[in-house]
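# Survey of secondary and tertiary structure
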Amino acid sequence: MANTNVKENIDQAQQQFASVFSGPASSFAGKMLDYTEKLANVQREALDTYTEIGFRQMRSAIEVRSADDLRNYMEEQQEAAKKAGEQMKSDMEKIQSINQEFMQQSQELTQNAMQRGQEVAQKNMERGQQQAEEAVEKGEKEVNESAKTASKK
């Protein structure tokens, strides 16, 4: 019976470790990977957009041949700056949204892990108390049996 309890305790400890530590850690790692991928995608898209704006403006600068071309180029510069500003604002909003989503998911994972940890601790306390009571009962039975055997002698 003692070996059975030890094996059960080891199995239970392994399950608890998986549910309280390794499971949430794996979930967090997955969330972190998703977060990093989303940020990288926003950065890649932003780089593509800013690069396109920059090359377009460089091509326009190369084609300036007259005063009218220069005036048109300057107007395009203002429009490009406006577009770049709007793009930056949009990119910052995307990043802020991604950050908020990640923080919310992280908080949920943490809360769930803490709740699960509390549940496991409570179950362990109850199981330990039960095992202690069983050991006391077993000890009392053994003492009573020893006393009966001693009194018969």
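Scope of this entry: the structure provided in the associated data block. (Residues numbered from 1 in each chain as written. Predicted model: local features only at pLDDT ≥ 70, side-chain atom pairs only at ≥ 80, totals over all residues. Heavy atoms only, no water.)

Right, let's talk about the overall build of the chain for a bit. If you tally the helices and strands in the chain, you get two helices and zero strands. In the chain, which comprises 153 residues, the proportion classed as buried is 14%. Here the contacts in the chain between residues at least 6 apart in sequence split such that 79% fall between residues at least 24 apart. With the model as given, the accessible surface of the chain reaches about 12000 Å², and the carbon-plus-sulfur share is 55%. (Helix = DSSP H or I, 4+ residues; strand = E, 2+ residues; numbered from the N terminus. Buried < 20%, exposed > 50% of the residue type's maximum accessible area, 1.4 Å probe, protein only. Contact = heavy atoms within 4.5 Å. Areas by Shrake-Rupley, 256 points an atom, 1.4 Å probe, with all protein chains shown as cover.)

Glancing now at the nonpolar core. Ranked by size, the top nonpolar core spans five residues in total: Tyr35, Leu39, Val42, Ile98 and Phe102. Where this core is concerned, the elements lending two or more residues are α1 (2-62) and α2 (67-152). Looking at this core element by element, the count peaks at three residues for α1. (Core = buried A, V, L, I, M, F, W, Y, C linked by side-chain atoms within 4.5 Å.)

The next point concerns a negative patch on the surface. Negative charge collects at one region of the surface, where Glu133, Glu134, Glu137 and Glu140 lie side by side. Taking the relative accessible area as the measure of exposure, Glu133 reaches 44% and is therefore partly exposed. (Patch = residues over 30% accessible without salt bridge, like charges linked within 9 Å, V, L, I, M, F, W, Y side chains within 5 Å. Salt bridge = Lys/Arg side-chain N within 4 Å of Asp/Glu carboxyl O. Lys, Arg positive; Asp, Glu negative; His and termini not counted. Charge placed at Lys NZ, Arg CZ, Asp CG, Glu CD.)

A few words on the pattern of salt bridges. Inspection of the entire model under this criterion finds six salt bridges. Here Glu101 makes a salt bridge to Lys38, at a shortest N to O gap of 3.1 Å. Of this pair, Glu101 sits in helix α2 while Lys38 sits in helix α1, and the two are 63 residues apart along the sequence. One salt bridge in this structure joins Lys94 and Glu45, with 3.7 Å as the shortest N-O distance. With Lys94 in helix α2 and Glu45 in helix α1, the pair connects residues that are 49 residues apart, well separated along the chain.

Our focus in this paragraph is α2. With 86 residues, α2 extends 125 Å from end C-alpha to end C-alpha; this agrees with the ideal 128 Å at 1.5 Å per step. Of all the residues in α2, the buried ones are Tyr73, Ala80, Ala84, Gln87, Asp91, Ile98, Phe102, Ser106, Leu109, Ala113 and Val120. (Expected span 1.5 Å × (residues − 1).)

Take the environment of Glu76 next. As for its placement among the helices and strands, Glu76 is situated in helix α2. Put simply, Glu76 and Ala61 are 15 residues apart on the chain and 9.9 Å apart in space, counted from C-alpha to C-alpha. When near neighbours in sequence (up to four residues on either side) are disregarded, Glu76 contacts Gln57 and Ser60.

As for its placement among the helices and strands, Arg116 is situated in helix α2. Put simply, Arg116 and Pro24 are 92 residues apart on the chain and 10.0 Å apart in space, counted from C-alpha to C-alpha.

Moving on to the packing of aromatic side chains. Per the stated rule, a full pass over the model turns up two aromatic pairs. Pairing Phe28 with Phe102 gives two aromatic rings, centres 5.9 Å apart and planes at 45 degrees, and the pair type is tilted. Of the two residues, Phe28 is situated in helix α1 and Phe102 in helix α2; the sequence distance between them amounts to 74 residues. For Phe28, a relative accessible area of 35% corresponds to the partly exposed category. Using a relative accessible area of 10% as the deciding quantity, one classes Phe102 as buried. Ring geometry for Tyr35 against Phe102: centres 4.4 Å apart, planes inclined by 25 degrees, an arrangement best described as stacked. (Phe/Tyr/Trp six-rings, centres within 6.5 Å; stacked < 30°, edge-to-face > 60°.)

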